[in-house]
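Examining the three-dimensional arrangement
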2 protein chains.
Amino acid sequence: MIALQIEAADGAARTGILKTPRGDIRTPAFMPVGTAGSVKAMLPQSVRETGADVVLGNTYHLMLRPGAERIARLGGLHTFMGWERPILTDSGGYQVMSLTKLRKLDEDGVRFRSHIDGSEHFLSPERAMEIQRLLGSDIQMVLDECPPFPATRAQMETSVGLTERWAKRSRAAFGAQDGRACFGIVQGGVFADLRARSLDGLQAIGFDGYAVGGLAVGEPQAAMFETLDATVPLLPRDRPRYLMGVGKPDDITGAVLRGIDMFDCVMPTRSGRNGQAFTRRGPLNLRNARHAEDPAPLDEACRCPACRGFSRAYLHHVVKAGEIVAAMLLTWHNLTYYQDLMAELRAAIAERRLAAAVRSIAQAYARKEEAETN
Amino acid sequence: MIALQIEAADGAARTGILKTPRGDIRTPAFMPVGTAGSVKAMLPQSVRETGADVVLGNTYHLMLRPGAERIARLGGLHTFMGWERPILTDSGGYQVMSLTKLRKLDEDGVRFRSHIDGSEHFLSPERAMEIQRLLGSDIQMVLDECPPFPATRAQMETSVGLTERWAKRSRAAFGAQDGRACFGIVQGGVFADLRARSLDGLQAIGFDGYAVGGLAVGEPQAAMFETLDATVPLLPRDRPRYLMGVGKPDDITGAVLRGIDMFDCVMPTRSGRNGQAFTRRGPLNLRNARHAEDPAPLDEACRCPACRGFSRAYLHHVVKAGEIVAAMLLTWHNLTYYQDLMAELRAAIAERRLAAAVRSIAQAYARKEEAETN
């Protein structure tokens, strides 16, 4: 079990520290995604320098390669990937649904073929928790089922039932692990009453934290925010709240306003590999020819190596030339941008100026996106 | 002009400092290759941390993308790529011959099509030097012609004649550039008398340093060493001697024994991207399944981040998974290995124990290669 220490609140938003034996997690927190044992194009020390307190590991990818038992024999995921601070692992359920073919899902679990080599694998609530325990994960997620968007109410109702039964089995399989936490996942899509029912079931079981799953899967942002408006107030105040797989900077600011504490998303890392940069004046596409002779840095206010040492012209060049350093620099920059965004949100909550801070972030973000498409 | 300060010698080998306005180059020196404005998978600060005093830039790649005039407008290659220490640039001739199609070579220069977009370009001795001046290169190489191996004596004789006339035009085009050097390139293949004739021509023109070109292009190592045995003693003692495009660790040790001061090669960087690591006990292929559960570092004596923070098992995993961090870590390691090799050679020369040091390096290198292939 790990403890959330709330230090200040501003409306529904809160800032504080999630205390774990491997170090404090300042909330609201953004967790860079370290899919297969690496935050892509980054060394662990550099991830830490961006300001990250915790990274996410993907159970699905790691169970297939190199395998959870192998990582356990090598001393666990922290040692393996060179990140000694907290790690949260997902349960693998979402990736099984989105990345694999020939799935067979029943009450017991889900049978699927690896997207890497076609080999057959089985994931049950018990196995998902066993894998996460073998990895040595600090925050372990229950196995849930997340139907693709849009789902009918009937589909979602069935799914919520299965997710609750799986949550119970997951929690039992997690057992008692000193200094580690097990989070439940609220499902129910955009149906507020199903979300409430899902949460009731989870609270009856009892978890160390509560995640909101199944959002940012294709629904409009307004639908996501409506769902948070209906769901977050029902979540226990003294437990961390984690919005899974979210999101763009303005998704995050909106969710922080509504009381979410934790986020993860591949956006800063994946965008970085695709030549996209987030800046305080909005996103930039470095492939754009207008950067070819621009001696200015990406973002004058940024402290990352890409902004301290290189021009937009250089970044344009290395993106166009397919140089690995382009992925390295833009990933580092984007993760710095995300961590600085979270730091600003934490400061704004502590100083009771969150609404104004979010407005200013959103305006800048919208303004430059227009400029970029001209 | 830049000055070579020889500090110690051991047989034909020498160690010293090549003084340049942008910093000292400790010789014998290995220059990492920064083809298109980036030492692939490395940030400039990390290149420096490996111990590199100078990097090589490729005129051919940079003239095509982003273009020499553009780099000049952006303040020169040093500023552009974030490397403020010395840069040596080749003349582009070798890449035109090895990478392009539809070449047309005559007395004037060579017309070719870009391997990137098929666009037509022309490189003459004058243009090659103009590009290097625009880049702001500290050590500029004359445009030479290097026929493919094996060449007949007649072909090589013709080529040496052209190379000498181009060297004269290159030197004239270089003119006088404060604090910058222009190197001539000795050609002649494996024909000792042609090498001597080529060098005579170059010395009549007068250069700040002398390169041996056209080796490591497919000939056996013994032929390369024989050519060095015949050629290096003829080179002026007080000028730096640069063996272009070489090589493997045992090529380098053999060439240092014979009096070479400078080297460049893509081997440490390219091998790193391909999952190959050089170690004090010989090369390793990290793809090999025998590393899958090995908790040991690549090389216990190595100071690089790959060896300080990760196991062979992790490196095997990230290589197999195609993670960018594999290229980053193995490149960093290999460049560190090369720089430590050069440091050991410099120390061994200063302490008059080079022959023993080279024997010990060569034995370790040969031994482990056998182990690896078992």
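Here the structure is a predicted model, which is why all the values come from computation and not from measurement.

What counts and what doesn't
Residues numbered from 1 in each chain as written. Chains lettered and ligands numbered in written order. Predicted model: local features only at pLDDT ≥ 70, side-chain atom pairs only at ≥ 80, totals over all residues. Helix = DSSP H or I, 4+ residues; strand = E, 2+ residues; numbered from the N terminus. Rg over C-alpha atoms; globule rule 2.2 N^0.38 Å. Buried ≥ 20, exposed ≤ 12 C-beta atoms within 10 Å, placed from the backbone. Contact = placed C-beta atoms within 7 Å. Pairing = 2+ DSSP bridges. Nonpolar A, V, L, I, M, F, W, Y, C, P; charged D, E, K, R; others polar. Domains from an automatic or database assignment. Least-squares fit on C-alpha atoms with pLDDT ≥ 70 in both. Axes fitted to C-alpha atoms, helices over the stretch in contact; angles between N-to-C directions. Core = buried A, V, L, I, M, F, W, Y, C linked by C-beta atoms within 7 Å. Expected span 1.5 Å × (residues − 1). Parallel < 35°, antiparallel > 145°, perpendicular 65-115°, else oblique. Left-handed = near helix turned anticlockwise from the far one by under 90°.

1. Considerations on the overall build of chain A
Along chain A, the regular secondary structure elements total 15 helices and 17 strands. Against the compact-globule benchmark of 21 Å for 374 residues, chain A has a radius of gyration of 20 Å, which places it among compact chains. Expressed as lengths along the three principal axes of its C-alpha atoms, the size of chain A is roughly 60 × 45 × 40 Å. When each of the 374 residues of chain A is scored for burial, the buried share is 55%. Relative to all contacts within chain A whose residues are 6 or more apart in sequence, the contacts with residues 24 or more apart total 67%.

2. Describing the pairing of strand E9 (residues 110-113) of chain A
Residue and element names in this part refer to chain A. Every second residue of E9 is oriented toward a common face, the buried set being Val 110 and Phe 112 and the non-buried set Arg 111 and Arg 113. Across three bridges, the pairing between strand E8 (residues 101-105) and E9 is antiparallel. The residue bridging Lys 101 from the neighbouring strand is Arg 113, located in E9. Note that E9 and strand E10 (residues 120-123) share four bridges and pair antiparallel. Bridged to Arg 113 within E10 is Glu 120. Hairpin connection, E9 to E10: the antiparallel pair is bridged by six residues, and Gly 118 has positive phi, about 80 degrees.

3. Here's the deal with the interface of chain B and chain A
The figure often quoted for interface size is the accessible area lost as the parts come together. Counting residues at the interface gives 32 residues for chain B and 32 residues for chain A. Secondary-structure elements contributing two or more residues to the side of chain B that touches chain A are helix H3 (68-73), helix H4 (77-81), helix H12 (305-309), helix H13 (312-320) and helix H14 (324-350) of chain B. Considering each element in turn, the side of chain B that touches chain A owes the most residues, five residues, to H13(B). Classifying every residue of the side of chain B that touches chain A by side-chain character gives 19 nonpolar, six polar and seven charged.

4. What to know about the domain arrangement of chain A
All names here are of chain A. Under the domain assignment used here, chain A contains domain 1 (3-265) and domain 2 (272-373). If you average the C-alpha positions of domain 1 and of domain 2, the two centres end up 27 Å apart. Of the residues lining the interface, 27 residues belong to domain 1; the matching set on domain 2 comes to 24 residues. Those elements that provide at least two residues to the side of domain 1 that touches domain 2 are strand E1 (3-10), strand E2 (13-19), strand E4 (29-31), helix H1 (44-50) and helix H10 (249-257). Looking at the side of domain 1 that touches domain 2, the element that brings in the most residues is H10, giving six residues. Split by residue class, the side of domain 1 that touches domain 2 holds 15 nonpolar, six polar and six charged.

5. A look at the relation of the copies chain B and chain A
Superposing chain B onto chain A takes a rotation of 180 degrees combined with a translation of 0.0 Å along the rotation axis, leaving an RMSD of 0.0 Å. Taken together, the turn and the small shift mark the pair as related by a two-fold rotation axis. Among all residues of chain B, the one whose C-alpha sits closest to the rotation axis is B:Ile324, at a distance of 3.8 Å. Most of the interface of chain B is mirrored in chain A, where 100% of its interface residues are also at the interface.

6. Topic: the pairing of strand E2 (residues 13-20) of chain B
Residues and elements named next belong to chain B. The buried count for E2 comes to six of eight residues, which makes it a mostly enclosed element. Inspection of the sheet shows strand E1 (residues 3-10) paired to E2 by seven bridges, in the antiparallel sense. Residue pairing across strands places Ala 8 opposite Thr 15, the latter belonging to E2. The antiparallel pairing of E1 with E2 creates a hairpin that spans two residues between the two strands, and Gly 11 there sits at a positive phi of about 65 degrees. Pairing of E2 with strand E3 (residues 23-27), which is carried by five bridges, proceeds in the antiparallel orientation. For Ile 17, the partnering residue across the bridge sits in E3 and is Arg 26. In this antiparallel pair of consecutive strands, E2 and E3, the connection spans two residues.

7. Thoughts on the sheet that holds E1(A)
Residues and elements named next belong to chain A. The three strands lie next to each other as E1-E2-E3, forming an open sheet whose pairing is antiparallel. Only two strands of the sheet have a single neighbouring strand rather than two, namely E1 and strand E3 (25-27). The sheet shows a mean angle of 15 degrees between the axes of neighbouring strands, direction not considered.

8. Notes on the sheet that holds strand E9 (residues 120-123) of chain B
In sheet architecture, strand pairing relies on hydrogen bonds along the backbone and comes in two forms, parallel and antiparallel. All names here are of chain B. On the basis of which strands lie adjacent, the open sheet formed by three strands has the order E7-E8-E9 and antiparallel pairing. In this open sheet, the two edge strands, each paired with only one partner strand, are strand E7 (101-105) and E9. Ignoring which end each strand starts from, the neighbouring axes of this sheet average 20 degrees apart.

9. Quick notes on the nonpolar core
Across soluble globular proteins, you tend to see nonpolar side chains buried next to one another. A:Phe183, A:Leu315, B:Phe183 and B:Leu315 are the most contacted members of the largest nonpolar core, which totals 221 residues. Tallying contributions element by element places H14(B) first for this core, with 16 residues. Beyond its immediate sequence surroundings of up to four residues, A:Phe183 is in contact with A:Ile139, A:Met141, A:Phe207, A:Asp208, A:Gly209, A:Tyr210, A:Ala211 and A:Tyr242.

10. Observations regarding helix H7 (residues 153-174) of chain B
It helps to recall that an α-helix has 3.6 residues per turn; residues three or four apart then point in one direction. All names here are of chain B. The first and last C-alpha atoms of H7 sit 30 Å apart over 22 residues, in line with the 32 Å expected at 1.5 Å per residue. Residues Met 156, Ser 159, Val 160, Thr 163, Glu 164, Trp 166, Ala 167, Ser 170, Arg 171, Ala 173 and Phe 174 constitute the buried set of H7. The elements touched by buried residues of H7 are helix H6 (125-135), strand E10 (139-141), strand E11 (181-186) and helix H8 (192-205). Trailing H7 by a residue or two, Gly 175 shows a phi angle of about 65 degrees, which is positive.

11. Structural notes on unusual backbone geometry
The omega torsion of the bond from A:Arg65 to A:Pro66 falls at 10 degrees, within 30 degrees of zero and hence cis. Positionally, A:Pro66 belongs in the loop between helix H2 (59-64) and helix H3 (68-73). In this chain, B:Thr27 is followed by B:Pro28 through a cis amide linkage whose omega measures -5 degrees. Locating B:Pro28 in the fold gives a position in the loop between E3 and strand E4 (29-31). Phi at A:Ala216 is positive, roughly 55 degrees, even though this residue is not glycine. For A:Ala216, the position within the fold is in the loop between strand E13 (209-212) and helix H9 (221-231). Non-glycine residue B:Arg352 carries a positive phi angle of around 55 degrees. Mapped onto the secondary structure, B:Arg352 falls in the loop between H14 and helix H15 (354-373).

12. Quick look at the packing of helix H8 (residues 192-205) of chain A against H9(A)
Residues and elements named next belong to chain A. Look at H8 against H9: their axes get within 9 Å of each other, and the N-to-C directions meet at 45 degrees. With respect to their mutual orientation, H8 and H9 come out oblique. The two elements H8 and H9 cross, and the hand of that crossing is right-handed. In this structure, H8 contributes Ala 192, Arg 195 and Leu 199 to the contact, and H9 contributes Thr 227, Ala 230 and Thr 231. Per-class residue counts for the contact of H8 with H9 are three nonpolar, two polar and one charged.

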